[in-house]
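Single-letter residue listing:
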Amino acid sequence: MKSSFVLLLALMLVLPCAALAETIDDNDLRIELEPLYLWRNSSSEYTMLYNTILPGSNVWPWRHFNTGQIQAPAGIGFQGDVTWQLSDFFAIQVGGFWTPEISTSGTQFDPNEPNGGGTDAVYNRSPGNDLNTWASQGLQSLEYTFDSQIWGLEANLRGNLGDDLPWLELYLGYRYISYYEELGTVAYDDLDDYQGTDNEIDRVNIVSSNHLHGAQLGVDVEFELCEGLTVGTDAWVAAFRNLVSVSRDFRTDDRPNNVRDDSMSGANWAYGFGFSPELRYQPWDNVAFTLGGDFIHISNISMAGAYYKTVANLDDDTLRPYDGVVYMGAHAGIVIMF
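Definitions and cut-offs
- Residues numbered from 1 in each chain as written.
- Predicted model: local features only at pLDDT ≥ 70, side-chain atom pairs only at ≥ 80, totals over all residues.
- Heavy atoms only, no water.
- Core = buried A, V, L, I, M, F, W, Y, C linked by side-chain atoms within 4.5 Å.
- Buried < 20%, exposed > 50% of the residue type's maximum accessible area, 1.4 Å probe, protein only.
- Helix = DSSP H or I, 4+ residues; strand = E, 2+ residues; numbered from the N terminus.
- Contact = heavy atoms within 4.5 Å.
- 1 Å grid on protein atoms, 1.4 Å probe; cavity = no way out; pocket = protein on both sides within 12 Å on 5 of 7 lines; lining within 4 Å.
- Points joined across faces, edges and corners; volume = space filled by probe spheres on them.
- Nonpolar A, V, L, I, M, F, W, Y, C, P; charged D, E, K, R; others polar.

### Remarks on the nonpolar core
Then, in step 1: Counting 29 residues, the largest nonpolar core has Tyr123, Ile206 and Tyr308 as its most contacted members.
Then, in step 2: The set of elements that each furnish at least two residues to this core consists of strand E2 (47-51), strand E8 (141-160), strand E9 (168-188), strand E10 (201-226) and strand E11 (229-252).
Then, in step 3: Setting aside its immediate chain neighbours within four residues, Ile206 contacts Glu181, Glu182, Leu183, Val246, Ser247, Arg248, Ala304, Tyr307, Tyr308 and Val311.
Then, in step 4: In this structure, Leu36, Ile150, Phe240 and Met303 belong to the second largest nonpolar core, which totals 18 residues.

### Considerations on unusual backbone geometry
Then, in step 1: Cis geometry is found at the peptide bond from Glu113 to Pro114, where omega equals 25°.
Then, in step 2: Mapped onto the fold, Pro114 is located in the loop between strand E6 (102-109) and strand E7 (119-121).

### Description of the side chain of Gln93
Then, in step 1: Secondary-structure assignment places Gln93 in strand E5 (residues 90-98).
Then, in step 2: Owing to a relative accessible area of 7%, Gln93 belongs among the buried residues under this scheme.
Then, in step 3: Gln93 has contacts with Arg30, Asp81, Val82, Thr83, Glu154, Ala155, Asn156 and Arg158, leaving out every residue within four places of it along the chain.

### Let's talk about empty space enclosed by the protein
Then, in step 1: Evaluation of the coordinates by the stated rule reveals four cavities of 30 Å³ or more.
Then, in step 2: Estimates place the volume of the largest cavity at around 100 Å³.
Then, in step 3: If you go around the largest cavity, the residues you meet are Arg40, Ser42, Ser44, Tyr46, Thr67, Ile70, Phe146, Glu181, Leu183, Met303 and Gly305.
Then, in step 4: Residue assignment for the lining of the largest cavity shows that the elements contributing at least two residues are strand E1 (29-42) and E9.
Then, in step 5: Of the residues assigned to the lining of the largest cavity, the class counts are five nonpolar, four polar and two charged.

So, in structure tokens, the structure goes:
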């Protein structure tokens with residue numbers, strides 16, 4: 001499918017640029033729909049496995065592991081918008097993007113397996129622990145799963161300066177972004193537990209959701225390379241009110257009452273910006289094709305890993321919306337004009 005699309009795009013771009021095509025701005029209604037490919041890059045790393053501090057045990061090999069080593073795969077979704085031209089100078093635009101939940105998993109083994117030795121889950125040594133975390137001390141292995149998802153909506157009033165700056169449009173509006181993470185681990189005390197013949201096992205699951213509502217200001221610049229072929233970029237900055245919710249679950253298989261199951265929520269200010277360079281080719285009056293890149297950065301959000309160290313401390317009720325996430329990717333699609 002990818003090779004067919006590349007061939008189609010190449011055929012379109014080698015067509016004569018002098019093909020007759022009116023500019024998109026001359027139309028009253030524009031609909032744009034594009035498949036979207038995004039991958040995630042976190043700006044924060046939280047320790048999950050580290051060297052035990054039991055006396056005399058520092059001679060054992062140990063396994064270090066943190067959330068930055070969890071490589072979540074990319075997600076393939078879509079983005080689109082609808083623009084109504086109210087006059088020569090103003091338009092209303094609504095749009096959004098969506099990617100599916102992406103998941104990854106793996107297992108980290110202690111170098112002293114089958115029965116473990118020098119590696120602890122980080123919450124085992126957190127001050128103020130109220131839960132029993134013995135299965136996570138000198139563990140044999142740690143299984144992990146990680147899920148994340150991002151999607152968003154926006155509505156804007158767009159304006160231009162007419163013939164004075166025909167290559168520039170400004171827009172002001174509302175942007176909503178939903179960002180979600182779920183981190184789960186299973187700590188096995190020794191080989192018997194890992195193989196299922198014993199039950200000295202600790203289970204953790206943390207979910208952190210961010211709902212960002214904000215105002216954005218943006219610019220859209222576009223330059224004509226030749227008739228029908230343009231290059232440009234869209235760029236925006238936004239200030240958000242972030243509504244955060246976090247749930248935490250800790251369970252031990254051999255101790256039914258050794259449980260944490262709670263949630264908390266709050267709000268904070270967050271910020272973001274993004275840009276999307278794009279090449280656009282319009283071979284016919286009412287149809288254009290697009291190919292471009294995408295970049296989104298959001299700061300002051302809450303990540304699941306920020307609560308991992310204190311998951312066994314029942315007194316910890318602090319929200320930690322201090323992290324940032326970057327998404328990068330590409331899109332290609334079609335624009336239909338009426």
